[in-house]
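What the coordinates show
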Amino acid sequence: MNRKSFLKSGLLGGAGLLLPGSSSANKNYKLSQNIPVFRFAVGGDLHYGIDEYQKHSENLVNWLNREKENRGLDLYFLNGDIVHDITDKYEELQSEFLSGLSMPYFATKGNHDYLEAGQTWESVWGYAANQIVEAGPLAFIFADTSRGNDLDASVYTSPDPQWMQNALQAVSDKTAVFIVLHIAQRREGGTGWPQPWPRFGVGHYEESRISEAERVLAMIESAPNVKAVFHGHNHNIISSYTTHSAPQPNAKPYFFCSRVGHSWGNTIGYRIVEIYENGSARTYQYDPESETALNTELIEMKAPDQPCRTTFDNKSFDIRLV
Ligand SMILES: [Fe+2]
């Protein structure tokens with residue numbers, strides 16, 4: 001469904017969307033016999049406009065529609081670098097490719113997603129670059145990590161700290177919150193587990209950006225219902241990091257999700273998250289070309305001393321922009 005027609009249809013305003021069923025398992029999917037109550041995908045770096053961008057876009061739509069047909073796919077986040085340093089191909093991408101997606105999707109702004117004078121994220125996609133999406137007991141926060149410059153791909157920033165603080169407060173009653181940011185917030189070599197953080201985080205070009213990004217990281221770390229953060233930008237990385245220097249119980253995972261387009265990087269694919277009725281959740285990186293699940297990890301959904309509700313009334317849920 002075309003994003004604009006989806007928005008106009010009013011589905012985001014509260015009408016229930018029936019959870020898709022599961023007709024057959026993916027070829028190499030051996031992770032769980034449980035049917036998820038909610039299943040979403042995160043994958044960006046399509047870089048529409050360079051390399052074989054039309055082929056990549058067609059593949060992306062086919063892969064995600066196949067996900068929906070198989071185990072179900074309730075939401076997709078196209079996590080930044082959707083186009084490559086251009087402003088005039090968003091409409092083409094939407095009408096010729098993304099309109100073919102059979103599930104709701106949202107676009108996160110990346111550093112290569114240029115906007116010209118008079119053009120805004122909202123005028124292109126129908127919603128702001130900083131946004132909360134609610135789905136029953138879950139919430140998703142996505143935000144602009146290239147603030148303040150829409151025509152320079154070397155601008156790496158934190159989300160607006162005040163906006164992020166307000167957003168986390170607004171979803172504090174949710175069972176689980178997932179955050180989708182194109183650019184990692186910790187600088188290269190910063191404290192992390194299982195190893196220091198990789199290249200291209202905030203601070204890669206401008207050290208002056210680091211303190212604000214660390215402020216936002218501290219907010220994320222102290223919000224008990226934030227269960228995971230997802231990044232793109234680093235095309236080669238499909239693993240996870242934490243902000244600690246050693247394993248910690250309930251440490252928040254920051255998952256890197258490779259790329260769905262572009263020619264640079266060894267890996268291609270996206271990350272899948274499955275949430276089950278008993279409150280457990282797991283995620284894996286998926287290579288759709290070889291139909292292989294990689295780097296499977298559990299996501300800790302239950303906060304200490306809190307009930308964990310991940311069921312949806314009548315097996316349906318509402319998706320609502322906030
Ligand atoms: Fe990027």
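Our subject in this report is the structure included herewith. (Residues numbered from 1 in each chain as written. Predicted model: local features only at pLDDT ≥ 70, side-chain atom pairs only at ≥ 80, totals over all residues. Heavy atoms only, no water.)

Some words on the coordination of the iron ion
Around the iron ion, the protein contributes the donor atoms Asp81 (OD), Asn111 (OD1), His182 (NE2) and His233 (ND1), which lie 2.1 to 2.3 Å from the metal centre. Coordination at the iron ion is irregular, judged from the four donor atoms that bind it and the angles of 90 to 161° they form at the metal. Between consecutive donor residues of the iron ion, the sequence gaps follow D-x29-N-x70-H-x50-H. Of this pair, Asn111 sits in the loop between strand 4 (105–108) and helix 4 (121–125) while His182 is found in the loop between strand 7 (176–181) and helix 6 (210–222), placing the two residues 71 residues apart along the sequence. His182 carries the same exposure label as Asn111, and that label is buried. (Donors = N, O, S within 2.8 Å, 3.2 Å for Na, K, Ca; no water. Tetrahedral: all angles 85-135°; square planar, octahedral: opposite > 155°, others 65-115°. Helix = DSSP H or I, 4+ residues; strand = E, 2+ residues; numbered from the N terminus. Buried < 20%, exposed > 50% of the residue type's maximum accessible area, 1.4 Å probe, protein only.)

Some thoughts on the sheet that holds strand 8 (residues 226–231)
Read from one edge to the other, the open sheet built from seven strands follows the order 9-10-8-7-6-5-15, with strand pairing classed as mixed. Because the sheet does not close on itself, it has two edges, and the strands there are strand 9 (240–241) and strand 15 (319–321). Each of strand 5 (131–135), strand 6 (138–143), strand 7 and strand 8 touches helix 5 (residues 161–170); the most contacted strand, strand 6, lies at about 170° to it. Of the strands in this sheet, strand 7, strand 8 and strand 10 (254–256) are in contact with helix 6, which crosses strand 10 at around 115°. (Pairing = 2+ DSSP bridges. Contact = heavy atoms within 4.5 Å. Axes fitted to C-alpha atoms, helices over the stretch in contact; angles between N-to-C directions.)

A look at the packing of aromatic side chains
Applying the stated rule across the entire model yields 28 aromatic pairs. Grouped by ring-pair contacts, the aromatic residues Phe38, Phe40, Phe77, Phe106, Tyr127, Phe140, Phe142, Phe178, Phe230 and Phe255 constitute a single cluster. (Phe/Tyr/Trp six-rings, centres within 6.5 Å; stacked < 30°, edge-to-face > 60°.)

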